[in-house]
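Coordinate analysis (summary)
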Amino acid sequence: MTNSDDSTTSATAAADDVINMVKLPHGATVTRVAYVGNRDDGAYKIGTSASAALFDATVSLSAGITEATIGLPYTVSVSDDATVAYEWLNATVVSAGYTLSDYITVIVDYVIDN
């Protein structure tokens with residue numbers, strides 16, 4: 001399954017602001033994460049709600065597609081008694097104080113074994 005989402009913002013970013021991008025269901029094995037943006041004036045971590053820099057510790061988003069090279073494959077495992085049965089794939093702002101007029105698109109491939 002391939003899932004993608006994008007976010008557009010025109011605001012001043014603060015360090016550690018989190019943009020939730022894609023819900024990853026319990027049991028999913030993530031096999032590919034790719035991301036693209038329109039400018040490289042902002043730096044992001046790409047990861048999950050469980051580990052903010054799982055796929056990339058610092059990436060500047062430009063017009064080219066960037067493929068994650070670490071953290072794969074990754075299997076989503078949520079406790080059986082957890083209220084929420086998914087993790088978010090998210091982008092976390094690394095640097096504070098710059099103004100964004102950016103978009104970010106994240107593409108995720110994953111499989112679920114039943």
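As a reminder, the structure under discussion sits directly above these lines.
As the structure is a prediction and not an experimental result, all values here were calculated from the model.

Each value, and the rule that gives it
- Residues numbered from 1 in each chain as written.
- Predicted model: local features only at pLDDT ≥ 70, side-chain atom pairs only at ≥ 80, totals over all residues.
- Heavy atoms only, no water.
- Helix = DSSP H or I, 4+ residues; strand = E, 2+ residues; numbered from the N terminus.
- Buried < 20%, exposed > 50% of the residue type's maximum accessible area, 1.4 Å probe, protein only.
- Contact = heavy atoms within 4.5 Å.
- Areas by Shrake-Rupley, 256 points an atom, 1.4 Å probe, with all protein chains shown as cover.
- Salt bridge = Lys/Arg side-chain N within 4 Å of Asp/Glu carboxyl O.
- Pairing = 2+ DSSP bridges.
- Axes fitted to C-alpha atoms, helices over the stretch in contact; angles between N-to-C directions.
- Lys, Arg positive; Asp, Glu negative; His and termini not counted.
- Polar contact = N/O pair within 3.5 Å; in protein donor to acceptor, adjacent residues only side chain to side chain.
- Phe/Tyr/Trp six-rings, centres within 6.5 Å; stacked < 30°, edge-to-face > 60°.

**Here we look at the overall build of the protein chain**
Tallying secondary structure elements over the protein chain gives zero helices and nine strands in all. Secondary structure elements in the protein chain, listed N-terminal to C-terminal, are β-β-β-β-β-β-β-β-β. Buried residues in the protein chain amount to 39% of all 114 residues. Restricting the contact set of the protein chain to residue pairs at least 6 apart, pairs at least 24 apart contribute 75%. For the protein chain, the exposed surface amounts to about 5800 Å²; the carbon and sulfur share of it is 49%.

**Some details on the pattern of salt bridges**
Evaluation of the coordinates by the stated rule reveals two salt bridges. The residue Glu 67 makes a salt bridge to Arg 32 at a minimum N-O spacing of 2.9 Å. A residue pair is termed long-range when its members are at least 10 positions apart, and Glu 67 in strand β6 (residues 66-67) and Arg 32 in strand β3 (residues 28-37) qualify at 35 residues. Residue classification places Glu 67 among the partly exposed residues on the basis of a relative accessible area of 36%. A salt bridge links Asp 109 to Arg 32, with the shortest nitrogen-to-oxygen separation between them at 3.7 Å.

**A word on the sheet that holds strand β2 (residues 18-25)**
Strand pairing in a sheet relies on backbone hydrogen bonds. The paired strands run either parallel or antiparallel. Strand order in the open sheet formed by four strands is β2-β8-β4-β5, with antiparallel pairing between adjacent strands. Of all the strands in the sheet, just β2 and β5 (56-60) have a single pairing partner and so form its edges. Taken over all neighbouring pairs, the strand axes of this sheet differ in orientation by 25 degrees on average, direction set aside.

**A few points about the environment of Val 76**
Inspection of the secondary structure puts Val 76 in the loop between β7 (74-75) and β8 (86-93). In this structure, the C-alpha to C-alpha distance between Val 76 and Leu 24, residues 52 residues apart in sequence, is 7.0 Å. Once residues within four sequence positions are removed from consideration, Val 76 is found in contact with Leu 24, Pro 25, His 26, Gly 27, Ala 28 and Glu 87.

**With respect to the side chain of Glu 87**
Among the secondary structure elements, Glu 87 is positioned in strand β8. Within the buried core, Glu 87 has no salt-bridge partner, and the shortest N-O distance to an opposite charge, that of Lys 23, equals 14 Å. Among the polar contacts listed, one links the side chain of Glu 87 to the side chain of Tyr 74, at a separation of 2.8 Å.

**Considering the environment of Val 106**
Note on placement: Val 106 falls in strand β9 (residues 99-112). Given a relative accessible area of 0%, Val 106 falls into the buried group. The spacing of Val 106 and Val 22 is 84 residues in sequence and 7.8 Å in space, taken between C-alpha atoms.

**As for the packing of aromatic side chains**
Inspection of every chain in the model, using the stated rule, returns two aromatic pairs. Plain terms: the ring middles of Phe 55 and Tyr 74 are 6.1 Å apart, the flat faces sit at 85 degrees to each other, and that makes the pair edge-to-face. Here Phe 55, found in the loop between β4 (43-48) and β5, pairs with Tyr 74, found in strand β7; they are 19 residues apart in sequence, far enough to count as distant. Residues Phe 55 and Tyr 74 agree in their burial class; the two are buried. Centre to centre, the rings of Tyr 86 and Trp 88 are 6.0 Å apart; their planes meet at 90 degrees, and the pair counts as edge-to-face.

Everything listed here is a matter of geometry and, on its own, says nothing about what the molecule does.
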